[in-house]
Each structure stands twice: as structure tokens, then as C-alpha cells.
Amino acid sequence: MDTVTTFSTVMAQTDPQAVLVDASGVLYNDDGMIPGAVVALNEVQRQGSAVFVVTNNTSASVSEIHSFLHQQGLVLPVSHIISSGLGLSLDPVFCDLMHDRNVFVVGETGSMDYVTRCEHTRVVSDPQQADVIVLAASSGDDFNLHLDRVTATVNSRPDLPVICINPDHYVQTRETQFPVIGYFAAKLAQQTGVKILWMGKPHASFSPVVATVLRHHDIDPRRTVFLDDNYRNVLQLQSDLGLAGVLVWKTGLAYSLSPADLHHSPVNQVRYIIEQLR
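What you are looking at is a predicted structure, and each value in this text was computed from that prediction instead of being measured. (Residues numbered from 1 in each chain as written. Predicted model: local features only at pLDDT ≥ 70, side-chain atom pairs only at ≥ 80, totals over all residues. Heavy atoms only, no water.)

Visitor: Account for the pattern of salt bridges, with residues named and values stated.
Guide: For the structure shown, the criterion picks out seven salt bridges. Where Lys 201 meets Asp 22, a salt bridge forms, and the shortest distance between an N and an O atom there is 2.8 Å. Taken as a pair, Lys 201 in the loop between strand E12 (196-198) and helix H9 (207-216) and Asp 22 in the loop between strand E1 (18-21) and strand E2 (28-29) lie far apart in primary sequence, 179 residues in all. When sorted by exposure, Lys 201 lands in the same class as Asp 22, which is buried. (Salt bridge = Lys/Arg side-chain N within 4 Å of Asp/Glu carboxyl O. Helix = DSSP H or I, 4+ residues; strand = E, 2+ residues; numbered from the N terminus. Buried < 20%, exposed > 50% of the residue type's maximum accessible area, 1.4 Å probe, protein only.)

Visitor: Residue-level account of the pairing of strand E14 (residues 244-248), with values.
Guide: Counting buried positions over the five residues of E14 gives five, a clear majority of the element. Along E14, one buried face is formed by Ala 244, Val 246 and Val 248 and the opposite face, lined by Gly 245 and Leu 247, is buried too. Since strand E13 (residues 224-228) and E14 lie parallel, the crossover through helix H10 (residues 231-241) that links them has a hand, and here it is right-handed. Relative to strand E15 (residues 272-274), E14 runs parallel, the two sharing three bridges. Of the residues in E15, the one forming a bridge with Val 248 is Ile 274. (Right-handed = clockwise from strand over helix to strand, strands pointing away. Pairing = 2+ DSSP bridges.)

Visitor: Account for the environment of Phe 52, with residues named and values stated.
Guide: By secondary structure assignment, the location of Phe 52 is in strand E4 (residues 50-55). Residues contacting Phe 52, with those up to four places away along its chain left out, are Ala 18, Val 19, Leu 20, Val 21, Leu 76, Ser 79, His 80, Ile 82, Val 213, Leu 214, His 217 and Ile 219. (Contact = heavy atoms within 4.5 Å.)

Visitor: Before we move on, can you summarise the sheet that holds strand E5 (residues 81-83) with the specific residues and values?
Guide: Within the open sheet, the six strands sit side by side as E5-E4-E1-E13-E14-E15. Their pairing is parallel. Both edges of this open sheet fall to E5 and E15, since each of them pairs with a single strand only. Taking each pair of neighbouring strands and ignoring which way they run, the sheet shows an average axis angle of 20 degrees. Alignment of E1 against E4, held across four bridges, turns out to be parallel. (Axes fitted to C-alpha atoms, helices over the stretch in contact; angles between N-to-C directions.)

Visitor: Now, about helix H1 (residues 7-14): what can you tell me, with residues and values included?
Guide: Taken together, the buried positions of H1 are Phe 7, Val 10 and Met 11. Down the axis, H1 shows its buried residues gathered within 95 degrees of arc, on one side only. The outward face of H1, more than 90 degrees from its buried face, is lined by the exposed residues Ser 8, Ala 12 and Gln 13. Residues of H1 that are buried in the fold lie against E1, helix H2 (37-46), E13, E14 and E15. (Arc of directions from axis to C-beta.)

Visitor: I'd like a rundown of unusual backbone geometry, residues and numbers included.
Guide: Note on backbone geometry: most residues besides glycine have negative phi, and most peptide bonds are trans. Cis peptide bonds are those with omega within 30 degrees of zero, and the linkage from Lys 201 to Pro 202 qualifies with 5 degrees. With respect to the helices, strands and loops of the structure, Pro 202 is situated in the loop between E12 and H9. Here the residue pair Ser 265 and Pro 266 is connected by a cis peptide bond, since its omega of 5 degrees sits within 30 degrees of zero. Even without glycine at this site, Asp 100 takes up a positive phi of about 55 degrees. Counting through the fold element by element, Asp 100 comes out in the loop between helix H5 (92-98) and strand E6 (102-106). According to the relative accessible area criterion, Asp 100 is partly exposed, its value standing at 40%. Phi at Asp 218 is positive, roughly 60 degrees, even though this residue is not glycine. If you trace the backbone, Asp 218 turns up in the loop between H9 and E13. A residue is classified by how much of its surface remains accessible, and Asp 218, at 65% relative accessible area, is exposed.

Visitor: How would you summarise the packing of aromatic side chains if you had to cite specific residues and measurements?
Guide: For the structure on display, the rule yields four aromatic pairs. Judged by centre distance (5.1 Å) and plane angle (65 degrees), the rings of Phe 143 and Phe 184 are edge-to-face. Taken as a pair, Phe 143 in helix H7 (residues 143-156) and Phe 184 in helix H8 (residues 181-192) lie far apart in primary sequence, 41 residues in all. With respect to burial, Phe 143 and Phe 184 carry one shared label: buried. (Phe/Tyr/Trp six-rings, centres within 6.5 Å; stacked < 30°, edge-to-face > 60°.)

Visitor: Describe the sheet that holds strand E7 (residues 122-123), with residues and values.
Guide: In spatial order, the strands read E7-E6-E8-E9-E12; together these five strands make up an open sheet with parallel pairing. Pairing within the sheet leaves two strands with one partner each, and these edge strands are E7 and E12. Looking at chain direction, strand E8 (residues 132-135) and strand E9 (residues 162-164) are connected through three bridges and run parallel. In the sheet register, Leu 135 faces E9, and the bridge partner there is Cys 164. In the packing of H7 onto the sheet, the strands contacted are E6, E8 and E9, and the crossing angle to E6 comes to about 135 degrees. The strands that H8 touches are E8, E9 and E12; relative to E12, the one it contacts most, it runs at about 150 degrees.

What follows is the structure, encoded as C-alpha cells:
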């Protein structure tokens, strides 16, 4: 990365088969939709490149994410939503772990979509009855109660598999960074000693999931660009899939980076930096 550039320059230099774009912090933030983002992606599609949303959002189902984006004017096939939660059914290791198991889920109603995609999986209401615990979302009135029950269960059953399908520790709000489920999963590990199994950006386990979906659509991951507001996410997929990574600086988590930070490792290993998607 030599300097901050523009999305149009990135597109001109890469001529990608597809643009992969994060959701929170790139398409929208606490203030609503990012001005110009939907217009830019609709133009990408008009020019013949596909658009995929690659997100750690596992509080909403794939269809709910698709419906929301459609309402905002971004029209794309539902199969172009790549949520980290899909790793439960698309990654062979996670799929085997989930198969024919009782699963306790900490999350929203939409979170259940990712669990029930796994064959013969049964959702249970008591973590003590679970063979696997899935941490998907930290919202909801009962979150603290569920987390306390999970903590007690893990303390009594330290070998119980615990999967976090949204590794995000924070999301950016207007004034601060707000902790989300990945933060609480890491805290659970610290308190109990349990080993968390992570699925989602920036963990390497998610990269083959993204590649699997892209290849299903006859897209070479090396001929794609990926936009995210977390440089760790960008660097991981850039390294694993050989795509052109783009850090979005001004509309999400990366907003906390100073201009000087952009020129120091590891941020300067990102191929491109843009202020916002437009």
C-alpha cells in the first residue's frame, strides 16, 4: 500500500470477477447506510462483476440479511450472502462436530438458521443437555442469563466443545467500540480455560468456506477484491485466497487508525486502502 486510493481505482487496476464486501462498517454503520455504497455496488454488478457480502453477522439468518439489503436497494442472489455461520455446515470439521448432536445456542432466532443447516442437529434449551455450545450473538434480553448458564456448564464439563461463529470482538458505534459475542467468547475462555473453536473472519478456518462458495459460482478467489473495515480480516483473506485486500478506513473499526498507522506494519501490508465505499 503506497497511499489512500479510491474504489474506482481499485476496480480499474484489478478488473475482478467479483467484489466481496463486509457489511457492518462498510455497507452500514450506527448512522445507517453508508452514502454511496449501494450505488457503487449496483454499478459493479451493472459492469458485469458479481457482488458477495462476506459477514460475521450471525444474529440474523442468511435470508434476513438478504432481505435487509434488498430493502436498502442492494439486489443480489441470496446465495451471495456468505455469513461466518455457514461454516458450521460447509466446513467438514465443524460439520462433523455438529452432526447428530444436541446444540445449545446463544443468539437470536435468526442464529438458529446456521445450526439447523447441519444434518440431524437438535437445538436444546438447556446447556447441560448439550453436546456442543454455539455462541452466535450477544443481543437479546436473556443474553446475560444464557452466558451465565454456559459458564456454569463449561466449568462442570470442561471438555464440552464451544464454537463461536462470530469472532468480532467489537463493532463501531457513533462514539465508541461496542463489545459483541466474540469479546464474550474470549472472556469465557479466559475465565474457564475452555478452548473456543472459532469460525469467521479473521480466522483461517473461514477462508476455505469463502473459497467453496466462490468456486460454486465459478469464481476464482484470486480474481476478487475484498473490502473490510478490520485490517486483520483483510490480511487473512488476502493471504489465504490470494485476493486483492481493501481496507475501508473511515466508516467502521479502522476509523481509530491514524494516518501514520496506515504506513506501519501490519496495516501497510494491505494491498489497498480507501476512505469509504462509494
